[in-house]
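Residue-level listing of the chains:
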Amino acid sequence: MPVVWSEFVRGVYGLVAGRNASRDQIAEFQARALRSIVRHAYERVPYYRRLFDRAGLKPEDVRGLDDLPRIPITSRQDLQELPASDLIVWGVDASSLLTHRTSGSSGAPLTIRRERFEEYLLLAYRWRGHIAQGRHPTDREASIGYIHDAGDGRGHPKEPLHERLSRFWKDCIDCLLPPKQILERLRVTQPEALHGTPSVLAWLAEEMTDADRRLIRPRIVSCSQETLSDSARQKVESAFGAPVFNNYGAHEFVGVASECPQRHGYHVSDWTLILEVLRDGRPTEPGEQGEVVGTALHSYAMPFIRYRLGDLVVHGPAPCLCGAPFSTLLSIEGRTLDMIRLPDGRSIHPYAVFGPLVESVPWVRRFQVIQERADSFRVKIVTRTETGPDALDRMAGAIREALGSKVQVETELTDQLPPGRSGKFHPFVSLERLNAWRQAGQSL
Ligand SMILES: [Zn+2]
């Protein structure tokens, strides 16, 4: 049994204390949990034993949060080639654990394993963040996402019990259905809480008729998995007539941060992970952008210690301006793999270039930019109105200007740009991602 029960009980303490604790109490909790998970990983998980030995580090060298930088950072690539027996606690059969396969959208899929009680604890913490935003436990919920079809033949995979039970109050709708069909389902379900990815919700918002807008009136909308742009937020809020809250999660940690109920950024899930925001290996200041590195505090079956998630975020103040004692993120800016890497060595975030450029053009309904070669980009566009070749040329010219004269930009009109199989729509497909998909035999 990988659960360390004394630690599990301590984990429940944080769930009860929630936002009523002080910053100091949270820091003390984190330091204690860090010492415990480090000792456990060193003694019982082969990968971490090797990692610590190579770094000449002993568990007793890690006494508190200040010692974190002494532990080498682990990336997903470091773990994905290793056998499960290297990554999970000694003496436990991997098949007895719950598994989650990351979708592979980063080009580096990994199987995450957790003990059942660890999973429940993390889900309870995530649920607490939703409650703070205004969700009620009794809400009728509709969730639009990718529904795997590898399970019992009825569209539902072989899921853990709590997932199967949740279908009694949650209507799960496949995001690959045509928008009219999804909206029809929502008119029937009449959800009080609606969930989806920002791109899918914005896509639906555009397809809604006046009747849909009158009849589909959730009290709250939540989204996750992607960056939520200001324009997508406005679009979704006005279409559904409800506030939208974005949440940041990852299979490795479950909930990472949930949007502040008063919209001062995102509350980090400090009770379940130690989140560092690093830039060139050093901690960032509030207001500065960096990369997320997390240490899971309640994952004993398969520990994640100083694990690089690869997401770019802007570090915020702690505590939050709303008074909650948590550390904060001001924004979540997407996966680093999604950066545009140009032949001249520059990296640009796609939203910085394409967001202002394309969203301000009224005839563009939806777009996708694909980097087909290092120096060649294809822009696929779904238009609202008839568009002449001149307008397309002007757009290609503007994009070329933003990217530099050495790149080639081609535009192409298309009827539809549905989300990918993972349910996540990629407004920008980088060359790395495209190559990873090609290697895995997937098409766009
Ligand atoms: Zn707040």
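Residues numbered from 1 in each chain as written. Predicted model: local features only at pLDDT ≥ 70, side-chain atom pairs only at ≥ 80, totals over all residues. Heavy atoms only, no water.

**Quick word on the overall build of the protein**
Then comes step 1: The number of helices and strands found in the protein is 14 helices and 21 strands.
Then comes step 2: Taking all 444 residues of the protein together, the buried fraction comes to 54%.
Then comes step 3: Once local pairs closer than 6 in sequence are excluded, the contacts in the protein between residues at least 24 apart make up 64%.
Then comes step 4: Carbon and sulfur atoms make up 51% of the accessible area of the protein, which amounts to about 20,600 Å² in all. (Helix = DSSP H or I, 4+ residues; strand = E, 2+ residues; numbered from the N terminus. Buried < 20%, exposed > 50% of the residue type's maximum accessible area, 1.4 Å probe, protein only. Contact = heavy atoms within 4.5 Å. Areas by Shrake-Rupley, 256 points an atom, 1.4 Å probe, with all protein chains shown as cover.)

**Looking at the pattern of salt bridges**
Then comes step 1: Within this structure, the stated rule accounts for 23 salt bridges.
Then comes step 2: Linking Asp270 and Arg23 is a salt bridge whose minimum nitrogen-to-oxygen distance equals 3.1 Å. Linking Asp270 in the loop between strand S10 (266-268) and strand S11 (273-279) with Arg23 in helix H2 (residues 23-44), this pair joins segments that are 247 residues apart in sequence.
Then comes step 3: The exposure class of Asp270 is buried, given its relative accessible area of 2%.
Then comes step 4: Given the relative accessible area of 29%, Arg23 is considered partly exposed.
Then comes step 5: Salt bridges sharing common partners tie together Arg135, Asp139, Glu141 and Arg219. (Salt bridge = Lys/Arg side-chain N within 4 Å of Asp/Glu carboxyl O.)

**Some details on H2**
An α-helical segment advances 3.6 residues per turn. Residues three or four places apart therefore align on the same side.
Then comes step 1: Its 22 residues give H2 an end-to-end C-alpha distance of 31 Å, which sits within 8% of 32 Å, the value for a rise of 1.5 Å per residue.
Then comes step 2: Those residues of H2 that fall on the buried side of the exposure criterion are Ile26, Phe29, Gln30, Ala31, Ala33, Leu34, Ser36, Ile37, Val38, His40, Ala41 and Tyr42.
Then comes step 3: In this structure, the buried residues of H2 make contact with helix H1 (5-17), helix H3 (46-54), S11 and strand S13 (289-296). (Expected span 1.5 Å × (residues − 1).)

**Digging into the pairing of strand S14 (residues 307-315)**
Then comes step 1: Most of S14 sits out of view: 7 of its 9 residues are buried.
Then comes step 2: Pairing of strand S1 (residues 74-75) with S14, which is carried by 2 bridges, proceeds in the parallel orientation. Across the sheet, Thr74 pairs through a bridge with Tyr307, a residue of S14.
Then comes step 3: Note that S13 and S14 share 5 bridges and pair antiparallel. Looking at the pairing, Gln289 lines up with Val314 of S14. (Pairing = 2+ DSSP bridges.)

**A short note on helix H9 (residues 198-207)**
Then comes step 1: Across the 10 residues of H9, 9 count as buried, placing the element largely inside the fold.
Then comes step 2: Every buried residue belonging to H9 is among Pro198, Ser199, Val200, Leu201, Ala202, Trp203, Leu204, Ala205 and Glu206, and all of these are buried.

**Here's the deal with the coordination of the zinc ion**
Then comes step 1: Within the protein, the atoms that donate to the zinc ion are Cys260 (SG), His267 (NE2), Cys320 (SG) and Cys322 (SG), at distances of 2.1 to 2.3 Å.
Then comes step 2: For the zinc ion, the 4 donor atoms are set out with angles of 105 to 117 degrees between them, so the coordination reads as tetrahedral.
Then comes step 3: Written as a sequence motif, the donor arrangement for the zinc ion is C-x6-H-x52-C-x1-C.
Then comes step 4: We classify Cys260 as buried; its relative accessible area is 0%. (Donors = N, O, S within 2.8 Å, 3.2 Å for Na, K, Ca; no water. Tetrahedral: all angles 85-135°; square planar, octahedral: opposite > 155°, others 65-115°.)

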